[in-house]
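Structural overview for review
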Amino acid sequence: MLPTITEDHSTLTYAEVFQDINGWRKKMVQHLKDENPEVNSAILEVANNTDLDPKAVALGAYMTYYMLEMASKEDY
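**Describing a nonpolar patch on the surface**
- Together, Tyr14, Phe18 and Ile21 make up an exposed nonpolar region whose accessible area comes to about 290 Å².
- Tracing the sequence through the fold places Ile21 in helix H2 (residues 21–35).

**Things to note about the nonpolar core**
- Among the nonpolar cores identified, the biggest contains 13 residues, and Trp24, Met28, Leu32 and Tyr62 are the most heavily contacted of them.
- At the level of secondary structure, the elements contributing two or more residues to this core comprise H2, helix H3 (37–48) and helix H4 (54–75).
- With seven residues, the top contributor of residues to this core is H4.

**Concerning the packing of H2 against H4**
- One way to put it is that H2 packs onto H4 with a least axis distance of 10 Å and a crossing angle of 65°. For H2 against H4, the interelement crossing comes out left-handed. Residues Ile21, Trp24, Arg25, Met28, Val29, His31 and Leu32 of H2 touch H4, and the partners they reach there are Lys55, Leu59, Tyr62, Met63, Tyr65, Tyr66 and Glu69.

**Considerations on H3**
- With 12 residues, H3 should cover 16 Å at 1.5 Å per step; its first-to-last C-alpha distance of 16 Å lies within 8% of that length.
- For H3, the complete set of buried residues consists of Asn40, Ile43 and Ala47. Buried residues of H3, seen end-on, are gathered within an arc of 65° and therefore sit on one face of the element. For H3, the exposed residues lying more than 90 degrees away from the buried face are Glu38, Glu45 and Val46.
- Packing partners of the buried residues in H3 comprise H2 and H4.

Rules of the game
- Residues numbered from 1 in each chain as written.
- Predicted model: local features only at pLDDT ≥ 70, side-chain atom pairs only at ≥ 80, totals over all residues.
- Heavy atoms only, no water.
- Patch = residues over 30% accessible without salt bridge, like charges linked within 9 Å, V, L, I, M, F, W, Y side chains within 5 Å.
- Areas by Shrake-Rupley, 256 points an atom, 1.4 Å probe, with all protein chains shown as cover.
- Salt bridge = Lys/Arg side-chain N within 4 Å of Asp/Glu carboxyl O.
- Helix = DSSP H or I, 4+ residues; strand = E, 2+ residues; numbered from the N terminus.
- Core = buried A, V, L, I, M, F, W, Y, C linked by side-chain atoms within 4.5 Å.
- Buried < 20%, exposed > 50% of the residue type's maximum accessible area, 1.4 Å probe, protein only.
- Axes fitted to C-alpha atoms, helices over the stretch in contact; angles between N-to-C directions.
- Left-handed = near helix turned anticlockwise from the far one by under 90°.
- Contact = heavy atoms within 4.5 Å.
- Expected span 1.5 Å × (residues − 1).
- Arc of directions from axis to C-beta.

Quick look at the structure:
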């Protein structure tokens, strides 16, 4: 079962991400390469095979992963 993402999780994530979107996205790429390369590969695969802006697709996925990670840490 997935953890519940709260409004606090999203508020904190938005505040962090929107300070430096490109820098944050690069940090998450590295984080996922180290922690969960299969998820990173899946995100990049979807982002590169869409008609939408690949960077925007990847950013949304990375933000979601980050919020799930935060919520999961609180559950423990």
